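Remarks on the overall topology
If you want the building blocks of each chain, they are given just below.
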Amino acid sequence: MASSNSKSTNETARKNFKILLTNPRITVSWVKAHAGNIGNERADQLEKDATQHGQPYSLIKLPKPHIKDLLRKRMLEELQTSWKNGDTGRKIYNIMPSVSLRPTNWIKEDVIFFSQHGPFPAYLKRFRLSDSDFCSCGGIGTALHYATDCIYIVSWHMRKPAPNFEQEWLKSVVNNLVFRHKIRSIVKFISENRDLFRPP
């Protein structure tokens with residue numbers, strides 16, 4: 001077999017040999033033809049189909065930028081499908097449903113607030129890290145509560161959205177740098193003063 005011959009001058013055989021050499025877990029062995037081996041019979045059938053109905057093979061060298069562009073598009077399509085059909089990160093997905101290669105410039109506090117996974121009593125109770133989901137001011141301690149309601153953080157408050165407009169509100173906060181700075185200040189303040197927000 002040409003692919004397993006290190007002295008072969010055939011370009012395809014040399015490439016295959018190089019792959020075999022760099023992947024020691026791949027083994028090649030001879031299989032008797034037309035002896036009922038399912039894999040071999042299937043390979044024969046595919047070969048016949050290709051020669052009768054397939055497109056003629058041509059070795060066209062594509063420019064590297066074109067190949068990179070094709071791979072980037074394919075990668076983004078796969079990432080988008082995975083992101084859309086995933087089970088985790090749904091709070092972030094509702095704000096940013098499309099994947100992108102552009103950086104978001106999010107810092108830790110942004111991720112904590114928009115994922116709502118942080119020092120918020122509602123989050124801590126959900127994961128049995130606290131007995132209560134109440135803030136010490138009496139409200140339910142969600143990320144939205146601290147950004148709009150909590151009496152201990154009035155200086156950073158933003159206008160509270162109507163219940164059915166919460167997602168739109170979060171999207172507007174994501175895209176507004178002034179609001180993002182307020183969010184970062186809120187999360188830092190809560191993180192540094194956790195005892196202040198624990199219910200009595």
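Residues numbered from 1 in each chain as written. Predicted model: local features only at pLDDT ≥ 70, side-chain atom pairs only at ≥ 80, totals over all residues. Heavy atoms only, no water.

**Thoughts on unusual backbone geometry**
- The phi dihedral of Asn 105 falls on the positive side, at around 60°, and the residue is not glycine.
- Mapped onto the elements, Asn 105 comes out in the loop between helix H4 (90–95) and helix H5 (108–115).
- On the basis of relative accessibility, which here comes to 59%, the residue Asn 105 falls in the exposed class. (Helix = DSSP H or I, 4+ residues; strand = E, 2+ residues; numbered from the N terminus. Buried < 20%, exposed > 50% of the residue type's maximum accessible area, 1.4 Å probe, protein only.)

**Focus on the side chain of Ser 115**
- Residue placement: Ser 115 occurs in helix H5.
- According to the relative accessible area criterion, Ser 115 is buried, its value standing at 14%.
- Contacts of Ser 115, omitting those with residues within four sequence positions, involve Lys 91 and Ile 92. (Contact = heavy atoms within 4.5 Å.)

**A few points about the domain arrangement of the protein**
- In terms of domain boundaries, the protein breaks down into domain 1 (11–53), domain 2 (61–101) and domain 3 (104–196).
- Relative placement of domain 1 and domain 3: their C-alpha centres are 58 Å apart. (Domains from an automatic or database assignment.)

**As for the packing of aromatic side chains**
- Per the stated rule, a full pass over the model turns up 9 aromatic pairs.
- For the pair Tyr 123 and Phe 127, a centre-to-centre distance of 4.9 Å together with 50° between the ring planes defines the contact as tilted.
- The exposure class of Phe 127 is partly exposed, given its relative accessible area of 41%.
- Seen in terms of ring centroids, Phe 189 and Phe 197 are 6.0 Å apart; in terms of plane orientation they differ by 85°. Their pairing is edge-to-face.
- Here Phe 197 falls in the buried class, since its relative accessible area comes to 3%.
- Clustering of aromatic rings is evident, with ring pairs tying together Phe 120, Tyr 146, Tyr 152, Trp 156, Phe 189 and Phe 197.
- The lysine or arginine in question, Arg 90, covers the ring of Tyr 93, its NZ or CZ lying 4.6 Å from the ring centre. (Phe/Tyr/Trp six-rings, centres within 6.5 Å; stacked < 30°, edge-to-face > 60°. Lys NZ or Arg CZ within 6 Å of the ring centre and 35° of its normal.)

**So, the layout of surface pockets**
- Approximately 460 Å³ is the volume attributed to the largest pocket.
- Lining the largest pocket are 16 residues, with Met 96, Ser 98, Ser 100, Arg 102 and Thr 104 sitting closest to its centre.
- Looking at the lining of the largest pocket, the elements that each hand over two or more residues are H4 and helix H8 (166–174).
- Of the residues that constitute the lining of the largest pocket, the class distribution is 9 nonpolar, 4 polar and 3 charged. (1 Å grid on protein atoms, 1.4 Å probe; cavity = no way out; pocket = protein on both sides within 12 Å on 5 of 7 lines; lining within 4 Å. Points joined across faces, edges and corners; volume = space filled by probe spheres on them. Nonpolar A, V, L, I, M, F, W, Y, C, P; charged D, E, K, R; others polar.)

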